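Overview (structure and organization)
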Number of protein chains: 2
Amino acid sequence: MNFSSNLIKDTVEAFAALPGIGRKSALRLALHLLEQPEEVTTEFAEAIQKMRTGIKTCKRCGNLSDDDICSICRDPARDDSLICVVEGVRDLMAIEDTQHFRGRYHVLGGLITPIEGVGPADLTISDLMQRAALSETKELIMALSPTIDGDTTIFYINKQLTERGIDVNVSNIARGVSFGGELEYADGVTLGRSILARTPYKS
Amino acid sequence: MNFSSNLIKDTVEAFAALPGIGRKSALRLALHLLEQPEEVTTEFAEAIQKMRTGIKTCKRCGNLSDDDICSICRDPARDDSLICVVEGVRDLMAIEDTQHFRGRYHVLGGLITPIEGVGPADLTISDLMQRAALSETKELIMALSPTIDGDTTIFYINKQLTERGIDVNVSNIARGVSFGGELEYADGVTLGRSILARTPYKS
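Residues numbered from 1 in each chain as written. Chains lettered and ligands numbered in written order. Predicted model: local features only at pLDDT ≥ 70, side-chain atom pairs only at ≥ 80, totals over all residues. Heavy atoms only, no water.

With that settled, the discussion passes to the confidence of the model for chain A. The share of residues in chain A with pLDDT of 70 or more is 99%, and the mean pLDDT across the chain is 91. Interface confidence in the predicted complex, given as ipTM, is 0.81; pTM for the same model is 0.79. (pLDDT = per-residue confidence, 0-100.)

All names here are of chain A. Residues E38, E39, E43 and E46 make up a contiguous surface patch of negative charge. Mapped onto the elements, E46 comes out in helix α3 (residues 38-54). Look at E46 and you get partly exposed, because its relative accessible area is 41%. (Patch = residues over 30% accessible without salt bridge, like charges linked within 9 Å, V, L, I, M, F, W, Y side chains within 5 Å. Areas by Shrake-Rupley, 256 points an atom, 1.4 Å probe, with all protein chains shown as cover. Salt bridge = Lys/Arg side-chain N within 4 Å of Asp/Glu carboxyl O. Lys, Arg positive; Asp, Glu negative; His and termini not counted. Charge placed at Lys NZ, Arg CZ, Asp CG, Glu CD. Helix = DSSP H or I, 4+ residues; strand = E, 2+ residues; numbered from the N terminus. Buried < 20%, exposed > 50% of the residue type's maximum accessible area, 1.4 Å probe, protein only.)

Let us now look at the side chain of R104(A). Residue and element names in this part refer to chain A. Structurally, R104 is set in strand β4 (residues 103-107). You can call R104 buried: its relative accessible area is 7%. Within the local environment of R104, its side chain forms a polar contact with the backbone oxygen of R78, the two atoms lying 3.4 Å apart. Contact partners of R104, with chain neighbours within four places excluded, come to I72, C73, R74, D75, R78, D79, D80, L82, I83, C84 and R131. (Polar contact = N/O pair within 3.5 Å; in protein donor to acceptor, adjacent residues only side chain to side chain. Contact = heavy atoms within 4.5 Å.)

The next subject is the nonpolar core. Grouped together as the largest cluster of nonpolar side chains are 48 residues, with contacts concentrated most on I8(A), F15(A), I8(B) and F15(B). Elements that contribute at least two residues to this core include exactly α1 (6-16), α2 (23-35), α3 and α5 (89-98) of chain A together with α1 (6-16), α2 (23-35), α3 (38-54) and α5 (89-98) of chain B. F15(B) has contacts with F15(A), L18(A), F44(A), I48(A), I21(B), A26(B), L29(B), A30(B), L33(B) and F44(B), leaving out every residue within four places of it along the chain. (Core = buried A, V, L, I, M, F, W, Y, C linked by side-chain atoms within 4.5 Å.)

This part is about the relation of the copies chain B and chain A. When chain B is fitted to chain A, the best match, at an RMSD of 0.1 Å, comes from turning it 180° and sliding it 0.0 Å along the axis. Taken together, the rotation and translation relating the two chain copies correspond to the operation of a two-fold axis. Relative to the rotation axis, the C-alpha of A45(B) is the closest in chain B, positioned 2.4 Å from it. By residue overlap, the copies meet face to face through one surface: 100% of the interface positions of chain B are interface positions in chain A. (Least-squares fit on C-alpha atoms with pLDDT ≥ 70 in both.)

The interface is formed by 52 residues belonging to chain B together with 53 residues belonging to chain A. Both sides together, the interface formed by chain B and chain A hides about 5000 Å², and carbon and sulfur atoms give 66% of it. Of all residues in chain B, S4(B), M51(B) and R52(B) give up the largest surface area on contact with chain A, accounting jointly for 14% of the area buried on that side. Linking chain B with chain A are two salt bridges. Across the pair R90(A) and E35(B) runs a salt bridge, and its minimum N-O distance is 2.8 Å. Where chain B packs against chain A, one counts 18 residue pairs in polar contact (both at pLDDT 80 or more). (Buried area = accessible area lost by both parts, 1.4 Å probe.)

So this is what it looks like as structure tokens:
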């Protein structure tokens, strides 16, 4: 791409460095900003700067937050007895969007992945143990990816709970064929496990 | 979408206001920036701010430029005798990318569009007349969209040249079926005109 302006070139390159934005789209975004009033660009730049410098990690659950304790942990209407354990903030957001969960969260910050050198100490598992030991906590819902790393992490957390004598229910989110999906397109592992893990029919 | 952080929400909304970026992509971009070193966000914000406040319009051709005269107009290696007349900067960039043109440009800033109240005075046509009258100018290449507005604009510019007695060649970019396109998928108007405007076969 030939640029007669370095100012445009720098912006196009900054946009194109973002995931999923190619150079053609980046150019379109840069030219779009040039067509808008100057305030639009100023507000845009300020929003991302403020976010990047102001964002905190919730001291309780590990969620991204504007304050030391996030708005979900602060919400008095939510159920303290349920803690939904997730790998990262994206998963937390996806579950919040379903509006099917009104308990609290715990963000692990990853999964135990020996092959990449990520061990239990790199995650917020000891914080989770402290929260699990609180009297109000009744159940940990493990909402981790159905992968080997996810299963390893669930196994480790269970073992830690047992070793520390923490009496709390542990559940997994349901795994099986997707709702609305065509059975023939489900992958073999999922389909096989969904038969083994079949549930009684309730009419 | 539920946000537990207003800082993230503001950034997502700023990204989602850009063309072609939905809220899911905007969230991915915001979270991506949070995962990068702080300098990445700073450089990104500074690039767009500098572009927006620093960009100029080339006093000669109307191209976007870092200086009063753009780098294409300043380039001594380019051919002064050819001026390629385009509607906007996007068209100029597209032609530059072909690397098939080494003359100068003239950006009209639009097309004559009576239905939207855009008349000749809203465009840089009087500047173009001054440039066309220069002794070095031999040809104006009209690289305008093959639409009614494009044709109206070409007609008006031709008329102005004649009225002012400016002796310069005027050409249109070739119009016809696209290279590599299948004939049966070409639209009827293009196909019809491409037959009327057929060129002799040269072996």
